[in-house]
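Structure assessment
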Amino acid sequence: MKSDESCIFCKILSGAIPAQKVMEDEFSLAFLDINPLAKGHALLIPKGHFVTVDEMPAQAAGEMLKNLPALVRAVKKVTACQGVNVLQNNGRVAHQLVQHVHFHIIPRNENDDFRFNWPAGSYPPGEAEALAQAIRKSIV
Ligand code: AMP
Ligand code: ZN
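As the structure is a prediction and not an experimental result, all values here were calculated from the model. (Residues numbered from 1 in each chain as written. Chains lettered and ligands numbered in written order. Predicted model: local features only at pLDDT ≥ 70, side-chain atom pairs only at ≥ 80, totals over all residues. Heavy atoms only, no water.)

1. Describing the site of ligand 1
How we decide: Throughout, the term near means that a residue has one or more heavy atoms lying within 4 Å of the molecule or strand in question. The definition of a polar contact used here is a pair of N or O atoms within 3.5 Å, where within protein one atom must be able to donate a hydrogen and the other to accept one, and adjacent residues in sequence count solely through side-chain atom pairs. All accessibility values rest on the Shrake-Rupley procedure with a 1.4 Å probe; residue burial counts only the protein chains present in the view. Note on conventions: DSSP H or I runs of at least 4 residues are helices, E runs of at least 2 residues are strands, and numbering of each starts at the N terminus. Any residue that is not Ala, Val, Leu, Ile, Met, Phe, Trp, Tyr, Cys, Pro, Asp, Glu, Lys or Arg is counted as polar, Gly included; the first ten are nonpolar and the last four charged.
Around ligand 1 there are 16 residues in total, and Asp-33, His-95, Leu-97, His-102 and His-104 lie nearest to it. At 2.9 Å from an oxygen atom of ligand 1 is found a side-chain nitrogen or oxygen belonging to Asn-89. Backbone polar atom of Leu-97 to an oxygen atom of ligand 1: 2.6 Å apart, as the coordinates give it. When the free accessible area of ligand 1 is taken as 510 Å², the share hidden by the protein chains comes to 86%. Secondary-structure elements contributing two or more residues to the shell around ligand 1 are helix H1 (8–14) and strand S2 (28–32). Here the shell around ligand 1 is composed, by residue class, of nine nonpolar, six polar and one charged.

2. Focus on the coordination of the zinc ion (ligand 2)
What counts, and what does not: Water is not among the atoms examined, so metal sites may look incomplete; donors are the N, O and S atoms within 2.8 Å of the metal, or within 3.2 Å for Na, K and Ca. Working rule for geometry: tetrahedral if four donors all subtend angles between 85 and 135 degrees; square planar for four, octahedral for six, if opposite donors exceed 155 degrees and the others stay between 65 and 115; irregular in every other situation. The buried label goes to any residue with under 20% of its type's maximum accessible area, the exposed label to any with over 50%, and the partly exposed label to all in between, with areas taken from a 1.4 Å probe on protein chains only.
Those donors, Cys-7 (SG), Cys-10 (SG), His-49 (ND1) and His-100 (ND1), are the protein atoms that reach the zinc ion (ligand 2), and they lie 2.1 to 2.3 Å from it. Taken together, the four donor atoms coordinating the zinc ion (ligand 2) span angles of 105 to 116 degrees at the metal, a pattern that classifies the geometry as tetrahedral. As a motif over one chain, the donors of the zinc ion (ligand 2) read C-x2-C-x38-H-x50-H. In this structure, Cys-7 and Cys-10 share a single accessibility class: buried.

3. Details of the sheet that holds strand S3 (residues 42–46)
As a general point, the strands of a sheet are linked pairwise by backbone hydrogen bonds and lie either parallel or antiparallel. Note the cut-off: Each pair of strands is called paired provided DSSP finds at least two bridges between the two strands. Lines fitted to C-alpha atoms define the axes, with helix axes restricted to the stretch in contact, and inter-axis angles between N-to-C directions lie between 0 and 180 degrees. We call two residues in contact when some of their heavy atoms are within 4.5 Å.
Within the open sheet, the five strands sit side by side as S1-S2-S3-S5-S4. Their pairing is antiparallel. Unpaired on one side and paired on the other, strand S1 (21–24) and strand S4 (83–87) mark the two borders of the sheet. Strand after strand, the sheet turns through a mean of 20 degrees between neighbouring axes, direction not considered. Of the pairings in the sheet, the one linking S2 to S3 comprises five bridges and is antiparallel in character. The residue of S3 that forms the bridge with Ser-28 is Pro-46. In this fold helix H2 (residues 58–65) packs onto S2, S3 and strand S5 (103–108), with an angle of close to 145 degrees to the strand it touches most, S3. Along the sheet, helix H3 (residues 68–79) contacts S1, S2, S3, S4 and S5; its crossing angle with S5, the most-contacted strand, is approximately 30 degrees.

Shown next, in the form of structure tokens:
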């Protein structure tokens, strides 16, 4: 599997640096985030080194994500949280600091300190249809 010796998550995968592991199989590893947004904040990563999710072959993505429901169930059970955000950042502008694909599992509770700025907009007539068509044509 592809690895990058300068990548901190590849170092966790190789055992070069420690992590609080919570789930592991042939294709993916989950461990606690070292600077949690909430207690139980976990990261799910593929064993292969991919920088962003769009670089991943469908098979590698599927093999990793099949473990997501069980991981979320376990985090919810242990933390007794009221909800969970699954967050996946791609690119520096999207707050990706570690250049190895990772899914954040973030326990949420009423009145916690985690905030989104969610500037929801709307489309002028025809724009959503054109965009959807362009995206449909670009699916590979
Ligand atoms: P992101 O901003 O999406 O790239 O998030 C990277 C996450 O990786 C942050 O939440 C960090 O706290 C976490 N992180 C960085 N280094 C480690 C490490 N050695 N062990 C566990 N989590 C880490
Ligand atoms: Zn890596």
